[in-house]
Amino acid sequence: RSSDLQHVNATIPYYLCFPKQTRLLLKQSITLWSSGEETVRVLAFLVLNKICRHKQDLYLNPVLKKMYISYVKNSKFTSPNVLPMISFMQRTMTEMYALDTQISYQHAFIYIRQLAIHLRSAMTVKKKGSYQSVYNWQYVHCLHLWGRVLSTIYPSDVLQPLIYPLAQVIIGCIRLVPSARFYPLRIHCIRTLMLLSESTRTFIPLLPFILEVFQQVDFNKRPGRISVRPINFAVILKLSNANLQEKAFKDGLIEQLYDLTLEHLQSEAHTIGFPELVLPTVIQFKSFLKDCKVANYCKQIRQLLEKIQENSAFIVNKRQKTSISVSDGPAVERWEKQVREEGTPLAKYYSHWKKLREKEIQLEISGKERMEDLNLPEIKRKKPAEIGR
C-alpha cells in the first residue's frame, strides 16, 4: 500500500484531469490517513495536501470537513498507543487549515459553536449523566485540536476572533463538574488553555484552576489503599472511587500541579507584572506548606515556591532599574523582549527541568519494557485447606 501511495503521489497532476477519479482518491486517502499504519498515514496525508494545494477552490472545503469527521470518529478512545496517532492527525489537520484561513474560519466557527451548544445543553439539562456529552475523549480532543489550530496559525487576523470563544468553552468545561474525580480532564483542559495563551500571547487566568485543587484535596489524609502502579493522567479523563483512595492519586496529582504551575509561569517569567501575577500562588503555597505534613509533597512545593520567589525578586530588581511607565505599551513590550532574551531564573530552571523530565519518562517506558521481557514466574499461593494437610 505504501509503495502504491508513493506512485499515486507522483501521478497527482494526471489524477487532477479526472474529477471523478480524484474524488475517489480523496475518499480513500482520508480513510488511510485516519486508520492506516504510520507510513501509510503520512503518504495518504501527502496525497491530500498535494491535491488541495493544486485545486484549493474545488477540494479544500469538502476535504477539511471529511477529515474533521474522521478525526472525531477515531478519537473515541485514548491509550498510550493511540495518543501518537491522535497527535499526528492534529498536526496534519492544522497544516491543512493553514492553507486557507478564510475557509478555516468558517469550519472553526461552526465546530467551536457546536462544542459550545453541547456545553450549554450539559449545563441546563438537569438530568443524571448529562455531563457525559461533554466529559468524553471526543470532546476533549476536539478542544485540543482547535487550540492547536489557533495557536499554530497565529498571528492571523481572520482566526484571532475565535480565541476568546474557544477559551470560554474550555473554562466552562472545567467548571461543569469541578469534583476530584474529573481532575485528569481538568488537567487536559488547562494544558490546552496553556498552549493557547502562550502561543497567541493572550492572557488567560489559568492559576485559579490549578490553585483550587490545593484547597479541595486533603493531602494529609492517609491513603485507604496501597497503589500497585502510578496513575497515568495523560490517558484518563476521570478517576474511580478506588483511585481516589490510593496513594498514587495524591503522588501523581502533586506532580501534575507542579508541572502545570512551572510550565505556565515560565512562559510569564519575563513579564513586567510577574510579581503581582504570582502573589496568590505564593500565598497558597505558603499555606499548603504550613498545613501539609507529608515531607515528599512539601519538598516539591517548597522547591517550586523558592524558584517563583527568586524570579519575582529578579523582575522587581529589573523594574527598579528602569524608568518606563506601565501604561506605555510599546516600551513595556520592548522591556519584556529584552528580559526574555537575557533569560530569567525560572525559564533557565524550566529548561533544565524539562530535559530531566524527558529522561525520566524515557526511563519509565524502557523500565516497563524490561519488566515485560523478564517473564517472571507466577507465584501460586496455597489455599488454607492445603496448608493444613
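Our subject is the structure listed above.
Cut-offs applied
- Residues numbered from 1 in each chain as written.
- Predicted model: local features only at pLDDT ≥ 70, side-chain atom pairs only at ≥ 80, totals over all residues.
- Heavy atoms only, no water.
- Salt bridge = Lys/Arg side-chain N within 4 Å of Asp/Glu carboxyl O.
- Helix = DSSP H or I, 4+ residues; strand = E, 2+ residues; numbered from the N terminus.
- Buried < 20%, exposed > 50% of the residue type's maximum accessible area, 1.4 Å probe, protein only.
- Axes fitted to C-alpha atoms, helices over the stretch in contact; angles between N-to-C directions.
- Parallel < 35°, antiparallel > 145°, perpendicular 65-115°, else oblique.
- Contact = heavy atoms within 4.5 Å.
- 1 Å grid on protein atoms, 1.4 Å probe; cavity = no way out; pocket = protein on both sides within 12 Å on 5 of 7 lines; lining within 4 Å.
- Points joined across faces, edges and corners; volume = space filled by probe spheres on them.
- Patch = residues over 30% accessible without salt bridge, like charges linked within 9 Å, V, L, I, M, F, W, Y side chains within 5 Å.
- Areas by Shrake-Rupley, 256 points an atom, 1.4 Å probe, with all protein chains shown as cover.
- Lys, Arg positive; Asp, Glu negative; His and termini not counted.
- Charge placed at Lys NZ, Arg CZ, Asp CG, Glu CD.
- Core = buried A, V, L, I, M, F, W, Y, C linked by side-chain atoms within 4.5 Å.
- Phe/Tyr/Trp six-rings, centres within 6.5 Å; stacked < 30°, edge-to-face > 60°.

Asks: Honestly, the pattern of salt bridges in this entry has me stumped. Any pointers?
Replies: Note on pairing: side chains with opposite charge can pair once their charged atoms come close. For the structure on display, the rule yields seven salt bridges. The residue Lys247 makes a salt bridge to Asp251 at a minimum N-O spacing of 2.8 Å. Linking Lys247 with Asp251, this pair stays in helix H13 (residues 247-268), spanning four residues, or about one helical turn. In this structure Asp251 comes out as partly exposed when scored by relative accessible area, which is 25%. In this structure, Lys318 and Glu342 form a salt bridge, with 2.6 Å as the shortest nitrogen-oxygen distance. A residue pair is termed long-range when its members are at least 10 positions apart, and Lys318 in helix H16 (residues 295-320) and Glu342 in helix H17 (residues 329-342) qualify at 24 residues. By relative accessible area, Glu342 is classed as partly exposed at 40%. Bridged by salt links that share partners, the residues Glu255, Asp259 and Arg357 form one connected network.

Asks: Explain the packing of helix H5 (residues 56-73) against helix H8 (residues 137-153) to me, please; I cannot follow it from the model alone.
Replies: Pairs of packed helices are described in terms of their axes, by the angle between the two and the distance that separates them. Interhelical geometry of H5 versus H8 gives an angle of 135° and a closest axis separation of 9 Å. When the interaxial angle is binned, H5 and H8 end up oblique. Residues Tyr68, Tyr71, Val72 and Lys73 of H5 lie in contact with H8, whose contacting residues are Gln138, His141, Cys142, Leu145 and Trp146.

Asks: It is not clear to me how the layout of surface pockets should be interpreted in this structure. Could you clarify?
Replies: Space left empty within the atom packing is revealed by a probe, the size of a water molecule, rolled over the atoms. Volume-wise, the second largest pocket comes out at about 600 Å³. For the second largest pocket, the lining is made up of 17 residues, of which Arg201, Glu268, His270, Thr271 and Glu336 are closest to its centre. When residues of the lining of the second largest pocket are traced back to their parent elements, those giving at least two are helix H10 (183-200), H13, helix H14 (274-277) and H17. Take the lining of the second largest pocket: its biggest share by element is four residues, from H17.

Asks: Sorry, what's going on with a positive patch on the surface here?
Replies: On the surface, Lys20, Arg23, Lys27 and Lys66 cluster together to form a positively charged patch. If you tally residues by element for the positive patch, the top one is helix H3 (residues 19-35), at three residues. Position of Lys20 among the secondary structure elements: in helix H3.

Asks: Sorry, what's going on with unusual backbone geometry here?
Replies: Trans peptide bonds make up the majority, and among non-glycine residues the majority have a negative phi. Put simply, Tyr154 and Pro155 share a cis peptide bond, and its omega is 0°. Summarising the element assignment, Pro155 is placed in the loop between H8 and helix H9 (163-176).

Asks: Mind showing me how you'd approach the nonpolar core here?
Replies: Note on soluble globular proteins: their nonpolar side chains tend to be buried together. Membership of the largest hydrophobic core comes to 116 residues, with the highest contact counts inside it found for Trp33, Val63, Met96, Trp146, Phe214, Phe219 and Phe288. No other element matches the 10 residues that H8 contributes to this core. Setting aside residues no more than four positions away along its own chain, Phe219 makes contact with Phe214, Lys250, Leu253, Ile254, Leu257, Phe288, Cys292, Val294 and Tyr297.

Asks: For this particular structure, what's the right way to read the packing of aromatic side chains?
Replies: Aromatic rings considered in pairs are described by the distance between their centres and by the relative angle of their planes. All chains considered together, the criterion is met by 14 aromatic pairs. Geometrically, the ring pair formed by Tyr97 and Trp146 is tilted, given 5.1 Å between the ring centres and 50° between the ring planes. Pair noted here: Tyr97 is in helix H6 (residues 83-97) and Trp146 is in helix H8, with a separation of 49 residues, a long-range link. When sorted by exposure, Tyr97 lands in the same class as Trp146, which is buried. Within the aromatic cluster, the residues linked to one another by ring pairs are Phe214, Phe219, Phe285, Phe288 and Tyr297.

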